[in-house]
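Structural characterization, general
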Amino acid sequence: MNQNKLPADPLSLILGILALVIGIAGCCCYGITAIVPLILAIIGLISANKSLREYDENPETYNVQTRSNVNTARIINIIAVVLNGLVLLLALGMLAFYGTLMSTAILDGIENGDFEDDYYDESEYETTIESENSENWDDDTYIIEQEVDSVNLDSIQ
């Protein structure tokens, strides 16, 4: 009797382990990278299920240990799909929540006309041209001076 390995014996196990490792490491990146291990786990799960169906059709051709390996890989891939799916849903939920907050704040600023930091008031700055050295300067050169409130130095001490 020639006992063969199932086609997905090493592949589905490797994909499941990679999906778990990348998925757990991807939690540090706020779940943005959760889609890659999710795809890996789905591919591993599909190949493991296909191999288990193939074993069920013809069990005497394949080794029992290979079926055990593929069944373990199937369980690891299911865990990886669930874990990475939850991380991806959580990341999308956070993105939607913070996106809603940001768009609401921007729209409120537009409606109220409240642009404190971005508003440029021309009266705060005075543009002067020095006439003494006008022959040294090009016609397009201006010196911009900012008005400074005078402070009484005696009151500081």
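I will try to describe carefully the structure that is included in this document. Along each chain, residues carry numbers from 1 onward, in the same order as the chain's sequence is written. In keeping with the predicted nature of the model, local features appear solely for residues at pLDDT of at least 70, side-chain atom pairs appear and are counted solely at 80 or more, and the whole-chain, interface and lining totals rest on all residues. As a convention, hydrogens and water are excluded, and side-chain values are obtained from all of the structure's heavy atoms.

1. Details of the nonpolar core
Grouping buried Ala, Val, Leu, Ile, Met, Phe, Trp, Tyr and Cys residues that are joined through side-chain atoms within 4.5 Å yields what is termed a nonpolar core. Burial status follows relative accessibility: with a 1.4 Å probe on protein chains alone, a residue under 20% of its type maximum counts as buried, one over 50% as exposed, and anything between as partly exposed. In this structure, Leu6, Ala48, Leu52, Tyr55, Tyr62 and Val70 together form the largest nonpolar core, which totals six residues. If we skip the residues at most four places from it in the chain, Tyr55 touches Leu6, Tyr62, Asn63, Val64 and Arg67. It only takes one pair of heavy atoms within 4.5 Å for two residues to be counted as in contact.

2. What about a nonpolar patch on the surface?
On the surface, a nonpolar cluster with roughly 830 Å² of combined accessible area is contributed by Tyr30, Ile32, Leu90, Met94, Phe97, Tyr98 and Leu101. What counts as a helix is a DSSP run of H or I of at least four residues, what counts as a strand is a run of E of at least two, and both are numbered from the N terminus. Within the element layout of this structure, Tyr98 appears in helix 3 (residues 64-112). Each patch groups residues whose relative accessible area exceeds 30% and which form no salt bridge, using 9 Å between like charges and 5 Å between nonpolar side chains of Val, Leu, Ile, Met, Phe, Trp and Tyr. Here the accessible surface of atoms and residues is derived via Shrake-Rupley with a 1.4 Å probe, and residues count as covered only by protein chains that are part of the display. One speaks of a salt bridge when a side-chain nitrogen belonging to Lys or Arg is within 4 Å of a carboxyl oxygen belonging to Asp or Glu.

3. Describing the packing of aromatic side chains
Aromatic pairs are defined between Phe, Tyr and Trp rings, using the six-membered ring for Trp, whenever the two ring centres lie within 6.5 Å; interplanar angles under 30 degrees are classed as stacked, those over 60 as edge-to-face, and all others as tilted. Under the counting rule described, the total for this entry stands at one aromatic pair. An angle of 65 degrees between the planes, with centres 5.4 Å apart, marks the rings of Phe97 and Tyr98 as edge-to-face.

4. Describing the packing of helix 2 (residues 35-57) against helix 3
Where helices are involved, their axes are fitted lines through C-alpha atoms of the stretch in contact, as for all axes, and angles between N-to-C directions lie from 0 to 180°. Running from N to C, helix 2 and helix 3 cross one another at 150 degrees; their axes reach a closest spacing of 8 Å. Classified by the angle between their axes, helix 2 and helix 3 sit roughly antiparallel to one another. Between helix 2 and helix 3 lies a crossing of left-handed hand. Each angle is binned into one of four classes, with values under 35 degrees roughly parallel, values over 145 roughly antiparallel, values of 65 to 115 roughly perpendicular, and all other values oblique. Two helices cross in a left-handed way if the nearer one is turned anticlockwise from the farther one by less than a right angle. They cross in a right-handed way if the turn is clockwise.

5. Some words on the side chain of Ser51
Following the sequence through the fold, Ser51 ends up in helix 2. One polar contact links the side chain of Ser51 to the main-chain amide nitrogen of Ala8, over a distance of 3.1 Å. If near-sequence neighbours (up to four positions away) are discounted, Ser51 is found in contact with Leu6, Pro7, Ala8 and Val70. Think of a polar contact as two N or O atoms within 3.5 Å of one another; within protein, one of them needs to be a possible hydrogen donor and the other a possible acceptor, and neighboring residues in sequence only count if both atoms come from side chains.

6. Things to note about helix 2
Between its terminal C-alpha atoms helix 2 stretches 33 Å, which fits the 33 Å expected from 23 residues at 1.5 Å a residue. Restricting attention to buried positions, one finds in helix 2 the residues Pro37, Leu38, Ala41, Gly44, Leu45, Ser47, Ala48, Ser51, Leu52 and Tyr55. Looking at the buried positions of helix 2, the neighbouring elements they touch are helix 1 (9-26) and helix 3. Take the residue count of a helix, subtract one, and multiply by 1.5 Å to get its expected span.

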